[in-house]
Amino acid sequence: MRRFISLMYHNLGSGQENRYTVSEATFSQQIRWLIDAGYIVEGFPELARRLVCQDIPSRYVVLSFDDGHRSNLHAAEILRSTGAQATFFLTHDYCRQRADFLRDDEIKDLASLCSVGSHGLSHAPLSRLGMPQLRSELAESRAWLEDLIGKPVTTFSAPGGFISPAVLRLAWSLGYTMAGNSVEWWNEAAVVARTRLVNRVTIRQGMALQSFIRAVEGAPSYLIGRRMRASVLGLVKRVVPLQQYERLSQSFYQAAAALTQQGRGDG
Ligand SMILES: [Zn+2]
């Protein structure tokens, strides 16, 4: 059965403020490695077309960016310069209210280079919302993007990985055709063709090229390590309020980073 990994990025930059901010040099090196190693790098619409024709290449990576940081436009330019593609999932309120996120004209430029999908209106955890708010997060964010870029928007990614069968049922009924989660695991092409849900491995700040390669190749030791971390955090996610979860998750990450620096030196 054909399997592939999907990678999730957030922001390019040099700041230390966000553990999901990757330097431009690191990002360029990672994309260059993928292309040189013979990987086809694409976004969600390209994956959807390949699933229909059952045409997933043996070396295949699906790439996406979440949130809509302003640096995403430059990331798209880097990707296109190598012939790679990606999908950028944008959050309405971030782009409308925060200075370091994409403005309308930049979103239009981005959509001329790569595909764009929804990452909700407010970045609220979708699976925790009541039906009216869930509908508004999914439908209004899609309408905003379609009006802006003048193209259909049929994909979304779940903020914080909060997704459920109810979220997916509503999304499909509203016209979405594919979604990204935050489960760091392989994708089996036949399973994604059926569920239309893509597992995504998060790329973090300070990740050595060797770790990146292990992630892309789906090394069991890498993915199982990520899943163990996710199951601890998933348990915490279910029982504590969201703001406390964000704080705990940050502490967990810092403790894990300190341990790995003492040990294998990967992250
Ligand atoms: Zn997000």
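Q: Would you mind going over the nonpolar core with me for this structure?
A: Burial of nonpolar side chains together is a common tendency in soluble globular proteins. Residues Leu-7, Tyr-9, Phe-27, Leu-34, Leu-63, Phe-88 and Leu-90 are the most contacted members of the largest nonpolar core, which totals 46 residues. The leading source of residues in this core is helix α3 (residues 72–81), at five residues. Counting only domains with at least three residues in this core, you end up with domain 1 (3–218) and domain 2 (219–267). Ignoring any residue separated from it by four or fewer positions in sequence, one finds Leu-7 in contact with Leu-34, Val-61, Val-62, Leu-63, Ser-64, Val-201, Ile-203, Phe-212 and Val-216. Counting 14 residues, the second-largest nonpolar core is a separate cluster that includes Ala-124, Leu-126, Ala-171 and Leu-174.

Q: Honestly, the environment of Thr-202 in this entry has me stumped. Any pointers?
A: Note on placement: Thr-202 falls in strand β12 (residues 201–202). Along the primary structure Thr-202 and Ser-64 are separated by 138 residues, whereas in three dimensions their C-alpha atoms are 9.7 Å apart. If near-sequence neighbours (up to four positions away) are discounted, Thr-202 is found in contact with Met-8, His-10, Tyr-20, Glu-184 and Tyr-222.

Q: Is there a simple way to explain the coordination of the zinc ion in this structure?
A: Metal coordination angles in their ideal form are 109.5 degrees for the four-donor tetrahedron and 90 or 180 degrees for the six-donor octahedron. The zinc ion binds to the protein through Asp-67 (OD), His-119 (NE2) and His-123 (NE2), with metal-donor distances spanning 2.0 to 2.1 Å. Sequence spacing among the residues donating to the zinc ion works out to D-x51-H-x3-H. Judged by its relative accessible area of 1%, His-119 falls in the buried class.

Q: Even after reading the chapter, I still don't get the side chain of Arg-142, so can you show me in this structure?
A: Structurally, Arg-142 can be placed in helix α6 (residues 131–149). A residue is classified by how much of its surface remains accessible, and Arg-142, at 16% relative accessible area, is buried. From its side chain, Arg-142 meets the backbone oxygen of Val-153 in a polar contact 2.5 Å long. If sequence neighbours within four positions are ignored, Arg-142 has contacts with Val-153, Thr-154, Leu-174, Gly-175 and Tyr-176.

Q: Looking at this structure, I do not really get the pattern of salt bridges. What am I missing?
A: Once their charged atoms are close, side chains differing in charge can pair, the charge on each being opposite to the other. Using the criterion set out here, one finds 11 salt bridges in the structure. When the shortest N-O distance is used, the salt bridge between Arg-70 and Glu-106 registers 3.1 Å. Placement of Arg-70 in the loop between β5 (60–67) and α3 and of Glu-106 in helix α5 (residues 104–113) is noted, with a sequence separation of 36 residues between them. According to the relative accessible area criterion, Arg-70 is partly exposed, its value standing at 29%. Among the residues examined, Glu-106 registers a relative accessible area of 12% and is labelled buried. The residue Arg-204 makes a salt bridge to Glu-184 at a minimum N-O spacing of 3.1 Å.

Q: In this structure, what is going on with the packing of aromatic side chains? I would like to understand it.
A: Each aromatic ring pair is summarised here by two numbers: the centre-to-centre distance and the angle between the ring planes. In total, this model carries 10 aromatic pairs according to the counting rule given. On the numbers, 5.0 Å between centres and 85° between planes, the contact of Tyr-9 with Phe-27 is edge-to-face. With Tyr-9 in strand β1 (residues 3–9) and Phe-27 in helix α1 (residues 24–36), this residue pair connects regions lying 18 residues apart in the sequence. With relative accessibility at 1%, the residue Tyr-9 sits in the buried group. Ring plane angle 85° and centroid distance 5.1 Å describe the contact between Phe-44 and Phe-89, whose orientation is recorded as edge-to-face. Taken together, the positions of Phe-44 in helix α2 (residues 44–53) and Phe-89 in strand β6 (residues 87–90) put the pair 45 residues apart, joining distant regions of the chain. Taking the relative accessible area as the measure of exposure, Phe-44 reaches 0% and is therefore buried. Aromatic rings pair up to connect Tyr-9, Phe-27, Phe-65 and Phe-88 into one cluster.

Q: Is there a simple way to explain the confidence of the model for the protein in this structure?
A: Low-pLDDT portions of the prediction should not be read for the details of their coordinates. On average, residues of the protein score 90 in pLDDT, and 87% of them reach the 70 mark or higher. Across residues 259–267, confidence stays below pLDDT 50; counting only partners more than four residues off in sequence or on other chains, it has nine contacts.

Q: I keep staring at helix α7 (residues 165–173) and nothing clicks. Help me out?
A: Note that an α-helix has 3.6 residues per turn; residues three or four places apart therefore point the same way. For α7, the set of buried residues is Val-167, Leu-168, Leu-170 and Ala-171. The arc enclosing the buried residues of α7, seen along the axis, measures out at 165°, which places them on a common side. Structural note: α7 exposes Pro-165, Arg-169 and Ser-173 on the side pointing more than 90 degrees away from its buried face. Buried residues belonging to α7 abut α6, β8 (155–157), β9 (178–180) and β11 (197–198).

Q: What am I meant to see in a nonpolar patch on the surface here?
A: Together, Trp-185, Ile-224 and Met-228 give the surface a local cluster of nonpolar side chains, amounting to about 290 Å² of exposed area. Here Ile-224 is to be found in helix α10 (residues 220–239). Exposure remark for Ile-224: the relative accessible area of 41% places this residue in the partly exposed category.

Criteria and cut-off values
- Residues numbered from 1 in each chain as written.
- Predicted model: local features only at pLDDT ≥ 70, side-chain atom pairs only at ≥ 80, totals over all residues.
- Heavy atoms only, no water.
- Core = buried A, V, L, I, M, F, W, Y, C linked by side-chain atoms within 4.5 Å.
- Buried < 20%, exposed > 50% of the residue type's maximum accessible area, 1.4 Å probe, protein only.
- Helix = DSSP H or I, 4+ residues; strand = E, 2+ residues; numbered from the N terminus.
- Domains from an automatic or database assignment.
- Contact = heavy atoms within 4.5 Å.
- Donors = N, O, S within 2.8 Å, 3.2 Å for Na, K, Ca; no water.
- Polar contact = N/O pair within 3.5 Å; in protein donor to acceptor, adjacent residues only side chain to side chain.
- Salt bridge = Lys/Arg side-chain N within 4 Å of Asp/Glu carboxyl O.
- Phe/Tyr/Trp six-rings, centres within 6.5 Å; stacked < 30°, edge-to-face > 60°.
- pLDDT = per-residue confidence, 0-100.
- Arc of directions from axis to C-beta.
- Patch = residues over 30% accessible without salt bridge, like charges linked within 9 Å, V, L, I, M, F, W, Y side chains within 5 Å.
- Areas by Shrake-Rupley, 256 points an atom, 1.4 Å probe, with all protein chains shown as cover.

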